[in-house]
Amino acid sequence: MAHAITFSHLPLSCGAHTNSTIGDGGIALATSVFERLPFGQKEINTRGIRIHYHRKLTLVLNSRSDVHPTSRSRSPGERAKQLYECINEKNLKALDEIISKDCCFEDFSFPTTFNGNEEVLLFFAQLTSSMGKNSRFILKNVSEDEHTAWVNWHLEWKGNEIPFTRGCSFYECSKDGERLVIRKALVFVESPIKPGGIVLILLKTITSLFDDFPTATERFLKCPGAILQWAKRIYIMFLAPFIRPLLASYINSWKFMARMLGYALGMIILILKLFFN
């Protein structure tokens with residue numbers, strides 16, 4: 001929607017000689033002359049200004065609805081910011097426009113990679129549903145180069161940071177016609193388990209084994225799947241008959257404890273509603 005305001009009978013000295021184009025949609029911005037006019041000193045929110053000759057000045061004010069929602073994203077950093085804006089607003093339609101058809105989305109909290117536009121959008125649909133009404137992604141640092149953006153973020157609920165929700169994401173972008181789209185993503189999320197120095201001890205043990213048995217290590221690293229299958233067969237043949245009953249009873253006891261904890265939390269919530277509502 002556009003509104004035109006025309007100013008007539010300007011002095012001859014106010015004739016426009018130059019104009020420059022900025023922004024999307026071919027917005028023409030008058031220079032020098034407009035600044036000398038009294039109303040030119042005021043702050044006017046305009047999406048486009050056109051200078052006409054013959055002593056007439058026309059301002060064209062465009063509403064934000066005239067601008068395509070993805071047109072402003074011309075850099076990987078802006079595209080990454082827009083991704084999180086769409087997630088916070090639960091706007092899956094806009095997400096579809098900024099994700100490439102062959103997008104590869106790898107979140108290291110999940111065992112498998114999400115490949116293709118449909119799988120990625122399904123993941124985002126589940127994510128936005130899980131966030132509820134009051135949780136939002138807050139970006140702390142956004143950096144970029146020519147084709148890549150990386151973001152540090154965390155989740156907040158009504159302005160309060162949620163524990164163990166810090167993360168870092170890397171986004172690789174490319175051109176799809178005139179659009180800049182996200183083609184690859186890597187997501188690292190803070191783990192609630194903090195093993196600390198145990199990780200270093202475990203790393204030292206593994207690297208020592210690698211150094212002591214270099215030939216076997218090379219075979220393992222070239223084809224880790226075959227070694228794991230071999231270990232799985234040994235487990236099924238010799239260990240599973242003894243471990244499975246113990247594991248089943250352990251899992252059942254935890255299920256019972258989780259069920260009882262759920263009942264207890266439900267009672268606490270009901271009591272709080274009765275007293276505070």
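Structure shown above.
Residues numbered from 1 in each chain as written. Predicted model: local features only at pLDDT ≥ 70, side-chain atom pairs only at ≥ 80, totals over all residues. Heavy atoms only, no water.

Now for the overall build of the chain. Along its length, the chain carries seven helices and 12 strands. When the 277 residues of the chain are sorted by exposure, 25% land in the buried category. Accessible surface, the chain as shown: approximately 20,100 Å² in total, 62% of it carbon and sulfur. (Helix = DSSP H or I, 4+ residues; strand = E, 2+ residues; numbered from the N terminus. Buried < 20%, exposed > 50% of the residue type's maximum accessible area, 1.4 Å probe, protein only. Areas by Shrake-Rupley, 256 points an atom, 1.4 Å probe, with all protein chains shown as cover.)

In this section: the pairing of strand β12 (residues 179-189). By the bridge criterion, five bridges tie strand β6 (residues 99-107) to β12 in an arrangement that is parallel. Note that in β12 the partner of Asp 107 across the bridge is Val 187. Looking at chain direction, strand β11 (residues 167-176) and β12 are connected through 10 bridges and run antiparallel. Its bridge partner being in β12, Gly 167 is matched across the sheet by Val 189. (Pairing = 2+ DSSP bridges.)

Turning to helix α4 (residues 116-131), a few remarks are in order. Given a rise of 1.5 Å per residue, 16 residues ought to cover 22 Å, and the 23 Å separating the end C-alpha atoms of α4 matches this to within 8%. Where α4 is concerned, the buried positions are Gly 116, Asn 117, Val 120, Leu 121, Phe 123, Phe 124, Thr 128 and Met 131. Relative to the axis of α4, the buried residues are bounded by an arc of 160° and lie together on one face. Seen from the buried face of α4, the exposed residues on the opposite side, beyond 90 degrees, are Glu 118, Leu 122, Ser 129 and Ser 130. Those residues of α4 that are buried are in contact with α2 (76-89), α3 (92-98), β6, β7 (114-115), β8 (135-144) and β9 (148-157). One or two positions beyond α4, positive phi appears at Gly 132, with a value near 75°. (Expected span 1.5 Å × (residues − 1). Arc of directions from axis to C-beta. Contact = heavy atoms within 4.5 Å.)

Bringing the pattern of salt bridges into the picture now. In this structure the tally under the stated criterion is five salt bridges. For Asp 102, the salt bridge goes to Arg 183, with nearest N and O atoms at 2.6 Å. One end of the pair, Asp 102, is in strand β6; the other, Arg 183, is in strand β12, with 81 residues separating them in the sequence. The exposure class assigned to Arg 183 is partly exposed, which follows from its relative accessible area of 27%. What emerges from the salt-bridge pattern is a single network uniting Arg 166, Glu 190 and Lys 194. (Salt bridge = Lys/Arg side-chain N within 4 Å of Asp/Glu carboxyl O.)

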